[in-house]
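Inside the fold
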Amino acid sequence: MPPKFTGVDFYNIDGLLSEEERAIRDTVRAWIDENLMPVIGDAYVAGKFPKQLIPGMAELGLFGANLPEAYGCAGLNNVAYGLIMQELERGDSGVRSFASVQGALVMYPIYAFGSEEQKKQWLPQMASGKVIGCFGLTEPDYGSNPAGMITVAKETKDGWVLNGAKMWITNGSTAQAAIIWAKTGKIDDADSIRGFIVPTGTKGFSAKDQKGKLSLRASDTSELVLQDVQVPKDAILPKSGGLKSPLMCLTAARYGIAWGAVGAAMACYDEAVSYAKQRVMFGKPLGGFQLQQARLADMLTEITKAQLLCLQLGRLKDDGKSTPQQVSLAKRNNVNMATDIARETRRLLGANGILAEYQAMRHLANLESVYTYEGTHDIHTLILGQEITGLSAFN
Amino acid sequence: MKIAVCIKRVPDSETRVKIAADGKSLDEAGIKFVLNPYDEFAVEEALRRKEQAGAGEVAVICLGPAAAQETIRTALAMGADRGVLLQADKIPIDPFETAKLIAAELKGATWDLILFGRMAIDDYNTQVGPLVAELLGLPCVTAVSHLDIEGTKGVAEREIEGGIEVVEFPLPAVLTADKGLNEPRYPALKGIMAAKKKSLEVKPVQAGAGTLEIVALTPPPDRKEGKIVGEGAGAVGELVRLLREEAKVL
């Protein structure tokens, strides 16, 4: 058994957390140490999501943990939710992605845009892991520009008929239910975008895993095809309206990613420090060399800044005062920071750094996806640019 | 089934402890404290017994500083019903003084079972459980690794050198839990939130001086650097020779 992960806390940020927040963080941390760390290396190399962990994650209450207890969720605040994401991604970005999709991209839209019946039907089953969901927004030709989507939903006398294709869908082939975003009006009318709950067993719905990924290998990524998929009238999320609705989901998920990236960075830093102390070269530990000390000092500095960023963002979110632009800043900074730290750790580890036995290269490869998904780094740059100048660089 | 579980707040086994300037105590700055791992087995066993019985109460009792409330809440988060903190700034180093305080608290109610961890991983004394049993006049089985209870009769197994000892005892009884008794649960996140709302009574206590004194604490000597004898099956002969002749452990 590798030693227990003890986190990174140079500024006594623990002192800013409540007792419950710390207890939740420590519980998830211990659970990841015991259940994920022994299997993740092999799962990654095999290209398989460790499905056997789903019941345990559900039992802990990790899915949709910041949604109300009335729907079978844990009812946590957003800081506690963020700490969960941090600890999951300390294990692996793919496992955090699984929980992010289930909670922020599937359960959250049902909670925010669904009818009371939909909430009662779906949320408890999703919290308990009995139903796994996926989120279908991105299309083969519409990634950063989801307003251009060409998936359509036509209203019939019995309900809706959906046609289109979605790509890069996490949990796509595992899911029993998909949240599909489609245009209900003209093809250039982004305001007509609505969300639908589509059981993946519905005729005309197919999911195919995307092969050949060199990143997020312990996560299922699929292409969805919807060919004349008929769903009843009550499949529509009644309170969804326009592109704003899926973007709200993305803001919720990006918030978790900002925390998750800190987890991946801490895992790498921890590995870098322990390696630097143990590995002897030229008669002394690597850590005794100035070049490596500079690496470690930079890592610790960036992690500490990102931790404080997340915590304040979480407190703002709990007060209902956070903005999507603030979430963009945190996602952009933290994922970039984590990717840099993973790369520097990989390099500090020398040849060992390319092995799955160590974590750095797995995190590095994962983070390249995280850098690109949920709003690419560049798109977040433009969101901030627009916020600063009032001028949009998109259109 | 009414069960008391007596727990202790101890430094995490991953924590690097430092000896304080007085040379007789630990420097607690920066130490992470946890629920004593053996006490986790005791809490888990109590919860399972209550769940099987379908009714009852699991009360957690802890002697410790104010910060031990957090330790008690860990047990409440796992599912215990209420907690009592016997609050003392300094935990007596003499286990008998600790036992007297805990026994005095336990006397206030009737219990079917009183559970302890086999030992605390900080001082390794393994004494408080049996001492409390003696003070209360109850039977005691230590280091229990398997437990069956039928009505008011219990059968406990203890792992002893080279075998298993089976002990029968009447309830109420004091048991100390060993590793292997069960697999302690993770507190669910809802449990952690619920723990905040459970009763946690704080009672200030004054511990007696006792008859023990710590004269000095010293860290273990630094471990000598290891030696790689060789690789593969060919190295076994030399390894065995060195273990026998140099290390003298065979």
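Quantities reported herein were computed from a predicted structural model and do not represent experimental measurements. (Residues numbered from 1 in each chain as written. Chains lettered and ligands numbered in written order. Predicted model: local features only at pLDDT ≥ 70, side-chain atom pairs only at ≥ 80, totals over all residues.)

Here's the deal with the overall build of chain A
The helix and strand inventory of chain A stands at 10 helices and 9 strands. Relative to a compact globule of 395 residues, whose C-alpha radius of gyration would be 21 Å, chain A shows 21 Å and is just as compact. The C-alpha extent of chain A, read off along each of the three principal axes, is 80 × 50 × 40 Å. Counting only residues that meet the buried cut, chain A has 50% of its 395 residues in that class. (Helix = DSSP H or I, 4+ residues; strand = E, 2+ residues; numbered from the N terminus. Rg over C-alpha atoms; globule rule 2.2 N^0.38 Å. Buried ≥ 20, exposed ≤ 12 C-beta atoms within 10 Å, placed from the backbone.)

So, the overall build of chain B
In terms of helices and strands, chain B carries 6 helices and 13 strands. Across its three principal directions, the C-alpha atoms of chain B cover 65 × 45 × 40 Å. For chain B, with 250 residues in total, the buried portion stands at 36%. Here the contacts in chain B between residues at least 6 apart in sequence split such that 69% fall between residues at least 24 apart. (Contact = placed C-beta atoms within 7 Å.)

Remarks on the interface of chain A and chain B
The interface is formed by 18 residues belonging to chain A together with 13 residues belonging to chain B. Mapped by element, the contributors of at least two residues to the side of chain A that touches chain B are helix 1 (19–46) and helix 2 (54–60) of chain A. Residues of the side of chain A that touches chain B, tallied by class, amount to 9 nonpolar, 4 polar and 5 charged. (Nonpolar A, V, L, I, M, F, W, Y, C, P; charged D, E, K, R; others polar.)

Side note on the domain arrangement of chain A
As a measure of interface size, the accessible area lost when the parts come together is often cited. Residue and element names in this part refer to chain A. Each assigned domain of chain A is listed here: domain 1 (13–127), domain 2 (133–235) and domain 3 (244–389). On a C-alpha basis, the centroid separation for the pair domain 1 and domain 3 is 19 Å. Each partner contributes residues to the interface: domain 1 has 28 residues there, and domain 3 has 30 residues. Where the side of domain 1 that touches domain 3 is concerned, the elements lending two or more residues are helix 1, helix 3 (78–91) and helix 4 (93–113). For the side of domain 1 that touches domain 3, the class distribution of residues is 15 nonpolar, 8 polar and 5 charged. (Domains from an automatic or database assignment.)

Description of the sheet that holds strand 6 (residues 57–64) of chain B
Residues and elements named next belong to chain B. The strand order 11-10-9-12-8-1-6-7-13 describes an open sheet built from 9 strands, whose pairing is mixed. Both edges of this open sheet fall to strand 11 (163–170) and strand 13 (200–204), since each of them pairs with a single strand only. Adjacent strand axes in the sheet meet at a mean angle of 30° when their direction is disregarded. Looking at chain direction, strand 6 and strand 7 (residues 82–87) are connected through 6 bridges and run parallel. The residue bridging Leu 63 from the neighbouring strand is Leu 86, located in strand 7. Sheet strands in contact with helix 3 (residues 95–106) are strand 1 (2–7), strand 6, strand 7 and strand 8 (113–117), and its direction is about 150° off that of strand 6. (Pairing = 2+ DSSP bridges. Axes fitted to C-alpha atoms, helices over the stretch in contact; angles between N-to-C directions.)

Looking at the nonpolar core
With 177 residues, the main nonpolar core has A:Phe196, A:Ala265, B:Val5 and B:Val132 as its most contacted residues. Sorting elements by how many residues they give to this core places helix 6 (residues 244–278) of chain A first, with 19 residues. Not counting the four nearest positions on each side in its chain, A:Ala265 is found in contact with A:Ile303, A:Ala306, A:Met337, A:Ala338 and A:Ile341. (Core = buried A, V, L, I, M, F, W, Y, C linked by C-beta atoms within 7 Å.)

Structural notes on the confidence of the model for chain B
Within chain B, residue pLDDT values average 93, and 100% of them lie at 70 or more. Here the predicted complex carries an ipTM of 0.83, next to a pTM of 0.89. (pLDDT = per-residue confidence, 0-100.)

Things to note about helix 2 (residues 68–78) of chain B
Residues and elements named next belong to chain B. Within helix 2, 9 of the 11 residues are buried, which leaves it mostly tucked inside the rest of the structure. All of the buried residues along helix 2 are Ala 68, Thr 71, Ile 72, Arg 73, Thr 74, Ala 75, Leu 76, Ala 77 and Met 78. Residue Gly 79 follows helix 2 closely and has a positive phi angle near 140°.

Looking at the domain arrangement of chain B
Each assigned domain of chain B is listed here: domain 1 (2–204) and domain 2 (220–250). Distance between the C-alpha centres of domain 1 of chain B and domain 2 of chain B: 40 Å.

Observations concerning unusual backbone geometry
A cis amide bond, omega -5°, links B:Leu171 with the succeeding residue B:Pro172. Within the secondary structure, B:Pro172 sits in the loop between strand 11 and strand 12 (173–177). A positive phi angle, close to 60°, is found at A:Glu374, a residue other than glycine. Secondary-structure assignment places A:Glu374 in the loop between helix 9 (360–372) and helix 10 (377–389). Note on A:Glu374: 26 C-beta atoms within 10 Å, which makes it buried.

Considering the environment of A:Ser245
Residue and element names in this part refer to chain A. Looking at the element boundaries, Ser 245 is found in helix 6. Each C-alpha atom, one on Ser 245 and one on Trp 181, is 9.4 Å from the other, the two residues being 64 residues apart in sequence. Sequence-distant contacts of Ser 245, defined by excluding residues within four places in its chain, comprise Pro 109, Phe 113, Gly 195 and Ser 240.

Points about helix 3 of chain A
The end-to-end C-alpha distance of helix 3 of chain A is 20 Å, a good match for the 20 Å that 14 residues give at a rise of 1.5 Å each. Helix 3 of chain A sits mainly inside the fold: 14 of its 14 residues count as buried. (Expected span 1.5 Å × (residues − 1).)

Here's the deal with the packing of helix 3 of chain B against helix 4 (residues 128–136) of chain B
Residue and element names in this part refer to chain B. Look at helix 3 against helix 4: their axes get within 8 Å of each other, and the N-to-C directions meet at 50°. Between helix 3 and helix 4, the interaxial angle falls into the category oblique. Seen along the crossing, helix 3 lies across helix 4 with a hand that is right-handed. Contact residues: helix 3 offers Pro 95, Phe 96, Thr 98, Ala 99, Lys 100, Ile 102, Ala 103 and Leu 106, while helix 4 offers Val 128, Leu 131, Val 132, Leu 135 and Leu 136. Among the residues forming the contact of helix 3 with helix 4, the class breakdown is 11 nonpolar, 1 polar and 1 charged. (Parallel < 35°, antiparallel > 145°, perpendicular 65-115°, else oblique. Left-handed = near helix turned anticlockwise from the far one by under 90°.)

Observations regarding the pairing of strand 6 of chain B
Burial of strand 6 of chain B is extensive: 7 of the 8 residues sit out of reach of the surface. The parallel pair strand 6 of chain B and strand 7 of chain B, bridged by helix 2 of chain B, forms a crossover whose chirality is right-handed. (Right-handed = clockwise from strand over helix to strand, strands pointing away.)

Observations concerning the packing of helix 3 of chain A against helix 6 of chain A
All names here are of chain A. Relative orientation of the contacting elements helix 3 and helix 6 amounts to 40°, with a least axis distance of 7 Å. Relative to helix 6, the element helix 3 is oriented oblique. Between helix 3 and helix 6 lies a crossing of right-handed hand. Contact residues: Tyr 81, Gly 82, Leu 83, Met 85, Gln 86, Glu 87, Leu 88, Glu 89 and Arg 90 in helix 3; Tyr 255, Gly 256, Trp 259, Gly 260, Ala 261, Val 262, Gly 263, Ala 264, Met 266 and Ala 267 in helix 6.

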